[in-house]
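Listed below, chain by chain, are the residues.
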Amino acid sequence: MLHKLFPLTIILSVAGGIFGLITNQMVIFIPYALINPSLMIAFASLRKIKFIENITLPSWQEKIKLLGIITVLIDLPGSLYLHRIGIQYDIPLHIANSFLVFLAFALIYPIIFYATKQRIPSKKTILLTAIIAIAIGGLAFEGFQKLTDIIFGTHLFFDAAQPISEDFKTDLLMDLIGTAAGYLYIKRRMPKNLTTPLS
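Residues numbered from 1 in each chain as written. Predicted model: local features only at pLDDT ≥ 70, side-chain atom pairs only at ≥ 80, totals over all residues. Heavy atoms only, no water.

Details of the packing of aromatic side chains
Item 1. Evaluated as defined, the whole model comprises 1 aromatic pair.
Item 2. Judged by centre distance (5.7 Å) and plane angle (75 degrees), the ring pair of Phe 99 and Tyr 185 falls under edge-to-face. In this pair, Phe 99 is assigned in helix α4 (residues 90-115) and Tyr 185 in helix α6 (residues 164-189), connecting sequence segments 86 residues apart.
Item 3. With relative accessibility at 21%, the residue Phe 99 sits in the partly exposed group.
Item 4. Relative accessible area serves as the criterion here: at 35%, Tyr 185 is assigned to the partly exposed category. (Phe/Tyr/Trp six-rings, centres within 6.5 Å; stacked < 30°, edge-to-face > 60°. Helix = DSSP H or I, 4+ residues; strand = E, 2+ residues; numbered from the N terminus. Buried < 20%, exposed > 50% of the residue type's maximum accessible area, 1.4 Å probe, protein only.)

Thoughts on a nonpolar patch on the surface
Item 1. Together, Leu 5, Leu 8 and Ile 11 give the surface a local cluster of nonpolar side chains, amounting to about 270 Å² of exposed area.
Item 2. Inspection of the secondary structure assignment puts Leu 5 in helix α1 (residues 2-22). (Patch = residues over 30% accessible without salt bridge, like charges linked within 9 Å, V, L, I, M, F, W, Y side chains within 5 Å. Areas by Shrake-Rupley, 256 points an atom, 1.4 Å probe, with all protein chains shown as cover. Salt bridge = Lys/Arg side-chain N within 4 Å of Asp/Glu carboxyl O.)

A word on the nonpolar core
Item 1. Membership of the largest hydrophobic core comes to 13 residues, with the highest contact counts inside it found for Ile 64, Leu 67, Phe 102 and Ile 186.
Item 2. Within the residue set of this core, elements represented by two or more residues are α3 (58-80), α4 and α5 (123-152).
Item 3. Sort the elements by how many residues they give to this core and α4 lands first, with 7 residues.
Item 4. In this structure, Ile 28, Tyr 32, Met 40 and Ile 69 belong to the second largest nonpolar core, which totals 9 residues. (Core = buried A, V, L, I, M, F, W, Y, C linked by side-chain atoms within 4.5 Å.)

That's the geometry; what it means functionally is another story.
Laid out in structure tokens, this is it:
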């Protein structure tokens, strides 16, 4: 079922992006028609890259696909409707996205070392790197929103329910909560010493 739901989710994301384009909402068009589908296709195609083409990790690929599906389905209602009516959908959205991104990073990071025949980092190193990456990514995303507004005239760095300074602080706090949840989830399920990638 997942192999059918994955392309349907990509189509749904693109459809949401096209809706944004038609209604002159670049804030919807850019992530849903361009960014989300590109990331989902890239993650699903990782095994086709030369340095990991011989690795068979079906369960890992399925988890990456599932994370992509959940992320898009969580984001769409907020972007298409809930944000416009002032509902603080950003709160569950940022928590969920940070949680999912943390899991995705923790799944992918060991794969790179395994694929390049390098010693896989310890569990502690993987978790610490993931925390740093999510922290940098959260700040970079907010900066990306502001830069996109300047270049394309969108309103990504905007919130209908509260001043943008408060929204910025709230977003980062929710990212922190989601990251902490991802850390606790992975910490309980990741072996202390990895000799193979997560499966």
